[in-house]
Amino acid sequence: MAKTNFAFEKRQRELEKKRKAEEKAQKKLASKNRPADEQDADEAAYETEETDTTSPE
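The notes below deal with the structure included here. All of these numbers come straight from a predicted model, not from anything done at the bench. (Residues numbered from 1 in each chain as written. Predicted model: local features only at pLDDT ≥ 70, side-chain atom pairs only at ≥ 80, totals over all residues. Heavy atoms only, no water.)

With that out of the way, let us pick up the overall build of the chain. If you tally the helices and strands in the chain, you get 2 helices and 0 strands. Approximately 5,900 Å² of the chain is accessible, and the part contributed by carbon and sulfur atoms is 53%. (Helix = DSSP H or I, 4+ residues; strand = E, 2+ residues; numbered from the N terminus. Areas by Shrake-Rupley, 256 points an atom, 1.4 Å probe, with all protein chains shown as cover.)

On to the pattern of salt bridges. In the structure shown here, the tally under the stated rule is 2 salt bridges. Here Glu16 makes a salt bridge to Arg19, at a shortest N to O gap of 2.4 Å. Taken as a pair, Glu16 and Arg19 lie in helix α1 (residues 6-32) at a separation of 3 residues, close to a single helical turn. Arg19 is the salt-bridge partner of Glu23, the closest N and O atoms lying 2.4 Å from each other. Within this pair, Glu23 and its partner Arg19 are both found in helix α1, separated by 4 residues, close to a single helical turn. The class for Glu23 is partly exposed, based on a relative accessible area of 45%. On the basis of relative accessibility, which here comes to 37%, the residue Arg19 falls in the partly exposed class. (Salt bridge = Lys/Arg side-chain N within 4 Å of Asp/Glu carboxyl O. Buried < 20%, exposed > 50% of the residue type's maximum accessible area, 1.4 Å probe, protein only.)

In structure tokens:
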């Protein structure tokens, strides 16, 4: 039976956390540079994208 490579799995989780943190920082920085009315429209579009990505099976 194959042995689980916990170090690889841990590294992948760390990379995913880092990627998400970078995306969040980019989004936060981008939202600072926009007017308020554009932010509201963008947030509404983002919320609809999140709900559309899950496919019922």
